[in-house]
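A look at the structure
Residue-level listing of the chains:
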Amino acid sequence: MGRGELSAAPLPRSFFDRPSHEVAPDLLGRVLVHGPVAVRLTEVEAYGGPGEDPAAHTYRGRTPRNAVMFGPPGHLYVYFTYGMHFCANLVCLPEGSGSAVLLRAGEIITGLDEARARRAPALAPDGRGPATGKAKVVPDRDLARGPARLAVALGLLREHNGLDAIWEGSPAALPPLAEDGTGHGTEDGTGHGTGHAAWLTGLPHGFAAVLEGRPAGPGTIRSGPRTGVSTAKDTPWRFWVGDDPTVSPYRVHVPRRRSSAATSVGEAPSS
DNA sequence: CCTCAGATTTACT
DNA sequence: GTAAATCTGAGGT
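Rules used in this analysis
- Residues numbered from 1 in each chain as written.
- Chains lettered and ligands numbered in written order.
- Predicted model: local features only at pLDDT ≥ 70, side-chain atom pairs only at ≥ 80, totals over all residues.
- Heavy atoms only, no water.
- Near = heavy atom within 4 Å.
- Polar contact = N/O pair within 3.5 Å; in protein donor to acceptor, adjacent residues only side chain to side chain.
- Helix = DSSP H or I, 4+ residues; strand = E, 2+ residues; numbered from the N terminus.
- Nonpolar A, V, L, I, M, F, W, Y, C, P; charged D, E, K, R; others polar.
- Patch = residues over 30% accessible without salt bridge, like charges linked within 9 Å, V, L, I, M, F, W, Y side chains within 5 Å.
- Areas by Shrake-Rupley, 256 points an atom, 1.4 Å probe, with all protein chains shown as cover.
- Salt bridge = Lys/Arg side-chain N within 4 Å of Asp/Glu carboxyl O.

Quick notes on the protein's contact with DNA strand C
- Near DNA strand C lie 23 residues; those nearest to it are Asn89, Arg119, Arg149, Ser230 and His253.
- In the environment of DNA strand C, a base nitrogen lies 3.3 Å from a nitrogen or oxygen atom belonging to the backbone of Ala55.
- Asn89 has a polar side-chain atom sitting 2.5 Å from a base nitrogen of DNA strand C.
- Where the surface near DNA strand C is concerned, the elements lending two or more residues are strand 5 (85-92), strand 6 (99-110) and helix 3 (147-154).
- By residue number, the principal contributor to the surface near DNA strand C is helix 3, which donates three residues.
- Class assignment of the residues belonging to the surface near DNA strand C gives a composition of nine nonpolar, nine polar and five charged.

Thoughts on a nonpolar patch on the surface
- Judged by side-chain polarity, Phe80, Tyr82 and Met84 come together as a nonpolar surface patch covering roughly 370 Å² of accessible area.
- Along the chain, Tyr82 turns up in the loop between strand 4 (76-81) and strand 5.

What about the protein's contact with DNA strand B?
- Taken together, ten residues form the shell around DNA strand B, and within it Arg60, Thr63, Arg65, Tyr82 and Met84 come nearest.
- Sugar and phosphate atoms form 63% of the subset of DNA strand B atoms that lie within 4 Å of the protein.
- At 2.6 Å from a base oxygen of DNA strand B is found a main-chain nitrogen or oxygen belonging to Tyr82.
- Residue composition of the surface near DNA strand B, grouped by class: three nonpolar, three polar and four charged.

Next comes the structure, spelled out in structure tokens:
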């Protein structure tokens, strides 16, 4: 597929100084870099501020967990959920507002080997190999397909909560867009790894930046209800790139009954 | 392809 | 106590 060039120009902080539902669609096609891995965003969700969005972590005000969302725009809000997963957001609006955009999925642009290694299946407890015994491989299109997977692929953890994603140095300090493609771009399987440029491979580990990339065309942007939320189902603040294979499958929120909890009494099963 | 259930921390009722 | 901005492997269709 002939895709256009991706711009490595960093987005300014003012890009994020807007309501999250305006920033979110504009983030599609942009590139988030963290260390050696860069992801082209293909799916995001906007979350509003306190008192206005019942699905948002900030709905009931500031807590230790969501404090970063009340900070200045352009920072990463990384939270821990479901007891085992991290998810990453980019903070919007001025300090004190408490809104952000959840990063739900994307395509790995650089650092493919690093991302594959991070997403490789965990070994069995005895360390004798993959837990299943079969050497399963995560397809490249699934490396960052889903918010927790995206966080893993980018290496985003609790310690990166609050990390600034705005490049405030001189643009000249950014490495040149080397185009050698020798280290990356080895195709396999999916057929959509088109030898991406090896730009940014010289950037230091541990920093984050959002680059212009190649904004999704207005005609390719889709929107709908947010995934997995139990409230505000009529708010279409999930945005994704239509027909992109890295967009995660939509799932309606289904409250899960705890297995050990008492089952309901006198409830006839509805078939 | 699909649905089911388990893993397991955090915040709030 | 329990729902939550989730993922994964198992097993059925």
